[in-house]
Amino acid sequence: MGHRDGGRQGEDLLLRREDVRQANFLELFVDLVLVFALAGVVTRVARDIVGEDVLVRWRAMAFLLVLALPLIWLWITTAHITSWFDPRRRKIQWIVLASAFGMLVMALSVPHAFVGRGLAFVVPYVVLQCGRPLILLPALRGHPLGQLYRRTVPWCLGSAVIWFAGVAVSGGARAAVWGAAVTVDIVAAQLRWPVPGMARPRVSAWAMDSKHHLPERYQQFLLIALGESVLAVGTTFTAQQITPLTATGLAVAFLSTVLLWRIYFYRSGQVLAEAFAAARRKYEAGRALGLAHIVMVLGIMATAVGFEIVLKHPDGRPEPAWLVASLGGPALFIYGRIRLERAVFNRLSPRRVVAVAALAVTAVPLYFAPPLAASAVAGLILLALALADARHAAGRPPEAPSPAH
């Protein structure tokens, strides 16, 4: 599995080599697990959002956040571990494998997470979030990261109480409690896990030790989400009767996914490493990049839910909750992309603001149209945005990043 750790001091885990820049094979294995997990979340949400009960349809979108955010947060914290620590060391490799297995167990519990398999979802998450910092602390004596990890322990224990409290209830109540728990986890990380009496650390949860590794992991994060979208759409399509409408829905879903990829990588998503290297305040830059990618991935997942609705009910009656997925998903993605452009180029993109406004305006007439029409219109708006980007880039040299921080 890699170099032996025997005879090495714990601090050696922090010594990275110049060639440790890209994701190794174990990290790519974690990515495969995340694709499966996020596709399971999309399928779970799509199952509820096409139900007969209006409350269940609206609740489904809240379930998307509650189920996806813990999985996303586990992936991000794993990526930060492999960014700070040498992923060729055996201890780090075992931590990465444990993280992949924990995410797999959580993913398998997703279909029944709110009614019967709450422990299977909570236990891996809590054990990984609390256990990994405790395992790594001996390697961090005298390092600022050690102070940060020590501050995570009381927050993790407090969050664990909320997570397990959610197991004691079921349905919407469990989703509400878990939503509060994951909110505590992410907000505490943004605040560097404040603890009275403990000095503020010099590093943060968003700090990047490598100029290349973590930016590239964020790029792969977007590709994971797009891969999840393709997987969910393909799985749903194979279970449907093939008709001109479902075939059209498949084409719209695939082309829209390609357009999301194109809009992301032009040009902010293409120069993440250069933008981070040019940033003056690494903490703020790392946080901005991380949060922008979380928002975009959630937008892609909501869009994938919209694709599943179209494949199951291409000419069905319009539903407000379905419009939220089909139009709100792309709008959320573009909003995240606006945040990314702000972080990389320190500007507001008018083209993307117009695209979000167009998605909002078209929601009114599309309320009276079948789901396929909403998905097609969203795809046309994405196409217009991609063409506007291409026109803006035509005849100009590639723009160098000028980060806001």
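## Here we look at the overall build of the protein chain
Phase 1 of the analysis: Scanning the protein chain from terminus to terminus reveals 13 helices and 0 strands.
Phase 2 of the analysis: N-terminal to C-terminal, the α/β element order of the protein chain is α-α-α-α-α-α-α-α-α-α-α-α-α.
Phase 3 of the analysis: Relative to a compact globule of 405 residues, whose C-alpha radius of gyration would be 22 Å, the protein chain shows 21 Å and is just as compact.
Phase 4 of the analysis: By principal-axis analysis of the C-alpha atoms, the protein chain measures approximately 65 × 60 × 40 Å.
Phase 5 of the analysis: The buried share among the 405 residues of the protein chain stands at 55%.
Phase 6 of the analysis: The contacts in the protein chain between residues at least 6 apart in sequence include a share of 82% that link residues at least 24 apart.
Phase 7 of the analysis: Here the protein chain has roughly 16,900 Å² of accessible surface; of this, 68% comes from carbon and sulfur atoms.
Phase 8 of the analysis: Once the 40 positive and 23 negative side-chain charges of the protein chain are each reduced to a mean point, those two points are 5 Å apart.

## A word on the environment of alanine 378
Phase 1 of the analysis: Mapping alanine 378 onto the fold places it in helix H13 (residues 371-393).
Phase 2 of the analysis: For the pair alanine 378 and arginine 396, spaced 18 residues apart in sequence, the C-alpha separation works out to 28 Å.
Phase 3 of the analysis: Setting aside residues no more than four positions away along its own chain, alanine 378 makes contact with Ser326, Leu327, Pro330 and Leu359.

## Quick notes on the nonpolar core
Phase 1 of the analysis: In terms of nonpolar packing, the biggest core is built from 123 residues, with Val41, Ile49, Ile72, Trp75, Phe85, Trp163 and Phe333 touching the most fellow members.
Phase 2 of the analysis: Here this core gets 17 residues from one element, more than from any other, and that element is helix H2 (residues 54-84).
Phase 3 of the analysis: Membership of the second largest hydrophobic core comes to 5 residues, among which are Val233, Phe237, Ala253 and Phe307.

## Focus: the confidence of the model for the protein chain
Phase 1 of the analysis: In the predicted model, the protein chain carries a mean pLDDT of 91, and the fraction of residues at 70 or more is 94%.
Phase 2 of the analysis: Contacts from residues 1-10, a stretch scored under 50 in pLDDT, to residues over four places away or in other chains number 16 contacts.

## What to know about the side chain of threonine 246
Phase 1 of the analysis: Residue position: threonine 246 is located in helix H8 (residues 244-265).
Phase 2 of the analysis: Taking relative accessible area as the criterion, threonine 246 reaches 6% and is therefore assigned buried.
Phase 3 of the analysis: At a separation of 2.8 Å, a polar atom in the side chain of threonine 246 contacts the main-chain amide nitrogen of threonine 243.

## Describing the packing of H2 against helix H4 (residues 118-136)
Phase 1 of the analysis: Two elements in contact, H2 and H4, have axes separated by 11 Å at closest approach and are oriented at 20°. The pairing of H2 with H4 is recorded here as roughly parallel in orientation. As H2 packs across H4, the resulting crossing turns out to be left-handed. Here Val66, Leu67, Pro70, Trp73, Leu74, Thr77, Thr78 and Ile81 of H2 come into contact with H4, specifically with Phe121, Tyr125, Leu128, Gln129, Arg132 and Leu136.
Phase 2 of the analysis: Tallied by class, the residues present in the contact of H2 with H4 amount to 10 nonpolar, 3 polar and 1 charged.

## Focus on the side chain of threonine 236
Phase 1 of the analysis: Within the secondary structure, threonine 236 is located in helix H7 (residues 213-238).
Phase 2 of the analysis: A distance of 3.0 Å separates a polar side-chain atom of threonine 236 from the backbone oxygen of alanine 232.
Phase 3 of the analysis: With residues up to four places along the chain from it excluded, the contact list for threonine 236 reads Glu308, Leu311 and Lys312.

## A closer look at the state of the cysteines
Phase 1 of the analysis: One pass over the full model with this rule turns up 1 disulfide.
Phase 2 of the analysis: Put simply, cysteine 130 and cysteine 156 are joined by a disulfide, and their sulfur atoms are 1.7 Å apart. Since a negative S-S torsion denotes a left-handed disulfide, the cysteine 130-cysteine 156 link at about -95° is left-handed. Residue cysteine 130 is located in helix H4, and its partner cysteine 156 is located in helix H5 (residues 144-167); the two are separated by 26 residues in the primary sequence.
Phase 3 of the analysis: The class of cysteine 130 is buried, set by a relative accessible area of 16%.

## Remarks on the pattern of salt bridges
When charged atoms on two side chains of opposite charge get close, those side chains can pair.
Phase 1 of the analysis: The tally for this structure, following the rule as stated, stands at 17 salt bridges.
Phase 2 of the analysis: Here aspartate 48 makes a salt bridge to arginine 47, at a shortest N to O gap of 3.8 Å.
Phase 3 of the analysis: For aspartate 48, a relative accessible area of 12% gives the class buried.
Phase 4 of the analysis: Relative accessible area serves as the criterion here: at 42%, arginine 47 is assigned to the partly exposed category.
Phase 5 of the analysis: For glutamate 341, the salt bridge identified is with arginine 352, shortest N-O distance 3.9 Å. Of the two residues, glutamate 341 is situated in helix H11 (residues 320-345) and arginine 352 in helix H12 (residues 350-366); the sequence distance between them amounts to 11 residues. There is no split in this pair, since glutamate 341 and arginine 352 are both buried.
Phase 6 of the analysis: The structure contains a network of salt bridges with shared partners spanning Arg337, Glu341, Arg347, Arg351, Arg352, Asp389 and Glu399.

## Comments concerning the environment of valine 344
Phase 1 of the analysis: For valine 344, the location among the structural elements is in helix H11.
Phase 2 of the analysis: Taking C-alpha positions, valine 344 is 8.7 Å from alanine 279, a pair spaced 65 residues apart along the chain.
Phase 3 of the analysis: Look past the residues within four positions of valine 344 in its chain and what remains in contact with it is Ser268, Val271, Leu272, Ala275, Leu289, Pro401, Ser402 and Pro403.

Conventions adopted
Residues numbered from 1 in each chain as written. Predicted model: local features only at pLDDT ≥ 70, side-chain atom pairs only at ≥ 80, totals over all residues. Heavy atoms only, no water. Helix = DSSP H or I, 4+ residues; strand = E, 2+ residues; numbered from the N terminus. Rg over C-alpha atoms; globule rule 2.2 N^0.38 Å. Buried < 20%, exposed > 50% of the residue type's maximum accessible area, 1.4 Å probe, protein only. Contact = heavy atoms within 4.5 Å. Areas by Shrake-Rupley, 256 points an atom, 1.4 Å probe, with all protein chains shown as cover. Lys, Arg positive; Asp, Glu negative; His and termini not counted. Charge placed at Lys NZ, Arg CZ, Asp CG, Glu CD. Core = buried A, V, L, I, M, F, W, Y, C linked by side-chain atoms within 4.5 Å. pLDDT = per-residue confidence, 0-100. Polar contact = N/O pair within 3.5 Å; in protein donor to acceptor, adjacent residues only side chain to side chain. Axes fitted to C-alpha atoms, helices over the stretch in contact; angles between N-to-C directions. Parallel < 35°, antiparallel > 145°, perpendicular 65-115°, else oblique. Left-handed = near helix turned anticlockwise from the far one by under 90°. Nonpolar A, V, L, I, M, F, W, Y, C, P; charged D, E, K, R; others polar. Disulfide = S-S within 2.5 Å. Salt bridge = Lys/Arg side-chain N within 4 Å of Asp/Glu carboxyl O.

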